[in-house]
Amino acid sequence: MAGILGRKQQAKLAEAMSKRSHFSKDEVDKLLDMYTALTAGNSRLDRNKFRDVLHNTFDMTDDILMDRVFRAFDKDMDSVLSQEEWVLGLSVFLRGTLEERVAYCFNVYDMNNDGYISREEMFVILFFFIFFFF
C-alpha cells in the first residue's frame, strides 16, 4: 500500500522520520500505510478526513477542538496534512514528552494564535472539559 511512494522510498522516509519522532521505523511505516489508505493514494490528508479519524479513533465530537487539533498538526498552514505532518503530529499527540504536550495543548487552545490564552479562550477550554468529562 505504498501508493505514490515506492516501497523503498517509503522505507527511507520511515527511517528518517523515526529519528525525528517517538515512533520506531516499523511504526512509522504503518502510519505511512494508514496515511496512504486515508488519502486513497493522494499526497495530502484534508481536514475532513482528519476530522473523521479524530471522531472515529479518539471519539472527538467538538468541531472547534477538532479544527484546532488539525491546525496544530498542519505546521505549514496549507489546510492539508503531508505525510510528515501526520507522523510528527501523531508522535507528539500520542507519545510526546511533557514539554511537547504542553506546547501542543497551548497551540490548540491559543485560538487566535496571539501567544496568549485569553479569558474567552479559557472559557472554551473549561466548557469543553465540563462538557466532555461530565
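Rules used in this analysis
Residues numbered from 1 in each chain as written. Predicted model: local features only at pLDDT ≥ 70, side-chain atom pairs only at ≥ 80, totals over all residues. Heavy atoms only, no water. Helix = DSSP H or I, 4+ residues; strand = E, 2+ residues; numbered from the N terminus. Rg over C-alpha atoms; globule rule 2.2 N^0.38 Å. Buried < 20%, exposed > 50% of the residue type's maximum accessible area, 1.4 Å probe, protein only. Areas by Shrake-Rupley, 256 points an atom, 1.4 Å probe, with all protein chains shown as cover. Lys, Arg positive; Asp, Glu negative; His and termini not counted. Charge placed at Lys NZ, Arg CZ, Asp CG, Glu CD. Phe/Tyr/Trp six-rings, centres within 6.5 Å; stacked < 30°, edge-to-face > 60°. Expected span 1.5 Å × (residues − 1). Arc of directions from axis to C-beta. Contact = heavy atoms within 4.5 Å. Polar contact = N/O pair within 3.5 Å; in protein donor to acceptor, adjacent residues only side chain to side chain.

Participant: Just checking my understanding: could you explain the overall build of the protein chain for this structure?
Facilitator: A tally of helices and strands in the protein chain yields seven helices and two strands. Its C-alpha radius of gyration of 16 Å places the protein chain within 12% of the 14 Å reference for a compact globule of 134 residues. The 134 residues of the protein chain split such that 36% are buried. Working note: accessible area of the protein chain is about 8500 Å², and carbon and sulfur atoms make up 59% of it. Charge separation in the protein chain, taken as the distance between the mean sites of 17 positive and 22 negative side-chain charges, equals 6 Å.

Participant: How should the packing of aromatic side chains be read in this particular structure?
Facilitator: For the structure shown, the criterion picks out seven aromatic pairs. Ring plane angle 75° and centroid distance 5.1 Å describe the contact between Phe 58 and Phe 93, whose orientation is recorded as edge-to-face. In this pair, Phe 58 is assigned in helix α3 (residues 47–58) and Phe 93 in helix α5 (residues 83–95), connecting sequence segments 35 residues apart. Through a chain of ring-to-ring contacts, the aromatic side chains of Phe 50, Phe 58, Phe 70, Phe 73, Phe 93 and Tyr 104 assemble into a single cluster.

Participant: Which parts of the structure should I look at to understand α3?
Facilitator: Along an α-helix, residues three or four apart share an orientation, since each turn contains 3.6 residues. Compared with the 16 Å implied by 1.5 Å per residue over twelve residues, the 16 Å span of α3 between its first and last C-alpha is a close match. Along α3, the positions that sit buried rather than exposed are Phe 50, Arg 51, Val 53 and Leu 54. Projection of α3 onto a plane perpendicular to its axis shows the buried side chains occupying an angular sector of 155°, all on one side. Structural note: α3 exposes Asn 48 and Asn 56 on the side pointing more than 90 degrees away from its buried face. Those residues of α3 that are buried are in contact with α2 (25–39), β1 (45–46), α4 (63–73), β2 (80–81) and α5. N-capping of α3 is provided by Asp 46, with a side-chain oxygen placed 3.2 Å from the backbone N of Asn 48. In the segment just after α3, Asp 59 is the residue with positive phi, at about 60°.

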